[in-house]
Amino acid sequence: SVKHGGKNNFMFFNAGMLDELKHRTDIEYILREAIKYNGFTLAYQPQINVQTGKIIGFEALLRLKDYKISPNKFINIAEETGLIKEIGRWVTKQAVRQIALWQEKGYEPKPIAINFSSKQIKDYGYIAFLQDTLNKYQVAPDYLEIEITESILMEQNANTIDFLNQLKKIGVRIALDDFGTGYSSLNYLTFIPVDKIKLDKTLCEKFLGLKNLRVMNSLIALVHSLDLVIIAEGIEEPEQFKRLKDGGCDYIQGYLFSKPLFEEEIEEIYNYNFLERIVL
Ligand code: C2E
Ligand code: MG
Ligand code: MG
Ligand code: MG
């Protein structure tokens with residue numbers, strides 16, 4: 001369904017996510033080395049406005065430069081070993097640096113979302129670090145979005161809401177990731193300070209059924225009634241796109257439009273109209 005135009009093929013290149021068979025201890029070692037020797041990189045997946053086809057922002061997704069190990073796997077090990085705190089700070093700094101770089105190059109600045117593990121709540125200096133980083137690179141806080149998942153709320157840590165409020169006070173945006181996979185209680189949406197809901201891929205797949213379509217439409221309406229915006233994740237099929245658009249979904253992120261891209265691949269697509277590039 002995607003128009004591959006000769007030289008544009010690169011945009012669908014993805015550092016293969018085939019898992020190299022490695023033991024946990026090997027991966028822990030690889031992570032420690034990557035922290036020391038600059039072994040990480042970020043890929044950026046465009047988020048597309050359903051109405052205009054323009055990029056409204058990017059999600060930063062962590063990659064190991066030299067290994068094809070899936071993030072789900074190595075992030076898990078980073079969480080268990082506590083390395084996630086240091087890695088999370090690296091991701092934060094790298095994303096803020098990237099926003100500053102695009103500004104310097106004269107591109108219309110677009111927000112970058114970073115993923116934030118519930119384990120990072122225990123990185124007690126993080127709020128100060130975040131503020132310092134934004135100051136250092138002179139990036140306005142609303143260009144950074146922090147993706148949390150429901151697990152952050154399930155930890156039942158009294159400090160969680162306080163932590164999120166501190167983030168809001170800095171002025172960064174907060175998105176609720178993987179919505180619809182966990183213990184989704186709509187109740188959360190009324191008391192956690194979020195700006196954006198990310199509908200999970202698995203949920204979006206279910207919406208292809210007619211009955212579920214009504215559920216999807218109600219969910220979108222509900223999110224809007226709370227003055228939040230909604231983005232659907234993992235969209236691969238034109239049919240999914242059509243239905244989400246009809247249902248009033250604001251944004252879409254998925255292979256239908258683009259895989260995560262590396263820094264040097266972004267500039268060419270920065271101002272694309274993605275609606276002109278898919279066959280519906
Ligand atoms: P996530 O935050 O829900 O990110 C979305 C995942 O879906 C990404 O996988 C992305 O590449 C993939 N994706 C996007 N569109 C499509 C699509 O159309 N089809 C399919 N099949 N997949 C799609 P990825 O990059 O492998 O990351 C997996 C998870 O690892 C992320 O899920 C996130 O939970 C975690 N992760 C990645 N980077 C970071 C990071 O810097 N910090 C933390 N804490 N977690 C991260
Ligand atoms: Mg995410
Ligand atoms: Mg997600
Ligand atoms: Mg996920």
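Residues numbered from 1 in each chain as written. Chains lettered and ligands numbered in written order. Predicted model: local features only at pLDDT ≥ 70, side-chain atom pairs only at ≥ 80, totals over all residues. Heavy atoms only, no water.

**Remarks on the overall build of the protein chain**
So the rule is basically this: Put simply, DSSP H or I for four residues or longer makes a helix, DSSP E for two residues or longer makes a strand, and each gets a number counted from the N terminus. Partly exposed residues are those whose accessible area sits between 20% and 50% of the maximum for their type, while under 20% is buried and over 50% is exposed, using a 1.4 Å probe and protein chains only. The contact rule is simple, with two residues in contact once any of their heavy atoms fall within 4.5 Å.
What the protein chain contains, in helices and strands, is 11 helices and eight strands. Its C-alpha atoms give the protein chain principal-axis dimensions of roughly 50 × 45 × 40 Å. Counting over 280 residues, the protein chain shows a buried share of 48%. In the protein chain, the share of contacts with a sequence separation of at least 24, taken over all contacts with a separation of at least 6, comes to 72%.

**Brief notes about the pattern of salt bridges**
Put simply, the rule is: Any Lys or Arg side-chain nitrogen found within 4 Å of a carboxyl oxygen on Asp or Glu counts as a salt bridge.
Counting across every chain of the model gives 14 salt bridges. In this structure, R32 engages E28 in a salt bridge whose closest nitrogen and oxygen atoms are separated by 2.8 Å. Note that R32 and E28 are positioned in helix α1 (residues 24–36) at a spacing of four residues, about one turn of the helix. One salt-bridge network, in which partners are shared between bridges, spans E59, E147, K198 and E233.

**Regarding the side chain of N49**
Of note, N49 is situated in strand β1 (residues 40–49). Given the relative accessible area of 17%, N49 is considered buried. Setting aside its immediate chain neighbours within four residues, N49 contacts K54, I56, D250 and Y251.

**Let's talk about the site of ligand 1**
The condition is simple: Nearness is defined per residue: one heavy atom within 4 Å of the molecule or strand is enough. N or O atoms closer than or at 3.5 Å make up a polar contact, with two conditions inside protein: a donor-capable atom paired with an acceptor-capable one, and, for residues adjacent in sequence, both atoms drawn from side chains. Shrake-Rupley sampling with a 1.4 Å probe provides the accessible areas, and residues are treated as covered by the protein chains on show and by no other component. Three classes are used: nonpolar for Ala, Val, Leu, Ile, Met, Phe, Trp, Tyr, Cys and Pro, charged for Asp, Glu, Lys and Arg, and polar for all others, with Gly counted as polar.
The environment of ligand 1 is made up of 23 residues, and the closest members are R63, N115, D177, E236 and Y255. Taking E59, its side chain carries an N or O atom lying 3.0 Å from an oxygen atom of ligand 1. With respect to ligand 1, the backbone of L62 contributes an N or O atom lying 3.1 Å from a nitrogen atom. Burial of ligand 1 by the protein chains amounts to 84% of its free accessible area of 810 Å². Among the elements that take part in the shell around ligand 1, strand β2 (residues 55–64) stands out by supplying four residues, more than any other. The residue makeup of the shell around ligand 1, split by class, is nine nonpolar, six polar and eight charged.

**Considering the coordination of the magnesium ion (ligand 2)**
Formally: Counted as donors are N, O and S atoms no farther than 2.8 Å from the metal, or 3.2 Å for Na, K and Ca; water is not among the atoms, and sites may therefore look incomplete.
The coordination sphere of the magnesium ion (ligand 2) contains the protein donors E59 (OE), N115 (OD1), E147 (OE) and D177 (OD), at a distance range of 2.0 to 2.2 Å. When the donor residues of the magnesium ion (ligand 2) are listed from N- to C-terminus, their spacing reads E-x55-N-x31-E-x29-D. Separating the magnesium ion (ligand 2) from the magnesium ion (ligand 3) is a gap of 4.1 Å, which D177 spans by donating to each of them. Of the two residues, N115 is situated in strand β3 (residues 112–115) and D177 in strand β5 (residues 173–179); the sequence distance between them amounts to 62 residues.

**Thoughts on the pairing of β3**
Here is the rule we go by: Between any two strands, pairing holds if DSSP finds at least two bridges. When the strands point away from the viewer, a crossover counts as right-handed if the path from the first strand over the helix to the second runs clockwise.
Looking at chain direction, β2 and β3 are connected through two bridges and run parallel. The residue bridging E59 from the neighbouring strand is A113, located in β3. Where β3 meets strand β4 (residues 144–148), four bridges bridge the pair, whose relative direction is parallel. Considered in β4, the bridge of I112 is made with L144. This β-α-β element, β3 to helix α4 (residues 126–137) to β4, shows right-handed connectivity.

**Concerning the nonpolar core**
Selection rule: In these notes, a set of buried Ala, Val, Leu, Ile, Met, Phe, Trp, Tyr and Cys residues joined through side-chain atoms within 4.5 Å is what counts as a nonpolar core.
L31, Y126, L130, I146, L167 and I197 are the most contacted members of the largest nonpolar core, which totals 81 residues. Dropping the residues within four chain positions of it, I146 is found in contact with I114, F116, Y126, L130, L167, V172, R173, I174 and A175.

**Brief notes about the environment of W90**
With respect to the secondary-structure elements, W90 resides in helix α3 (residues 84–104). Residues W90 and F40, spaced 50 residues apart in sequence, show a C-alpha to C-alpha distance of 8.8 Å. With residues near it in sequence (within four places) discarded, W90 still touches N38, F40, T41, L42 and L62.

**Here's the deal with the packing of α4 against helix α6 (residues 159–170)**
As a reminder, the rule being used: Interaxial angles span 0 to 180 degrees and are taken between N-to-C directions of axes, which are lines fitted to C-alpha atoms, for helices over the stretch in contact. The labels follow the angle: roughly parallel below 35 degrees, roughly antiparallel above 145, roughly perpendicular from 65 to 115, and oblique for the rest. Crossings are sorted by hand: turned counterclockwise from the far helix by less than a right angle, the near helix makes the crossing left-handed, and turned clockwise it makes it right-handed.
Where α4 contacts α6, the axes come no closer than 10 Å and their chain directions differ by 15°. Between α4 and α6, the angle is such that the two are roughly parallel. α6 is crossed by α4, and the crossing has right-handed handedness. Here Y126, I127, L130, Q131 and L134 of α4 come into contact with α6, specifically with F163, Q166, L167 and I170. Of the residues that constitute the contact of α4 with α6, the class distribution is seven nonpolar, two polar and no charged.

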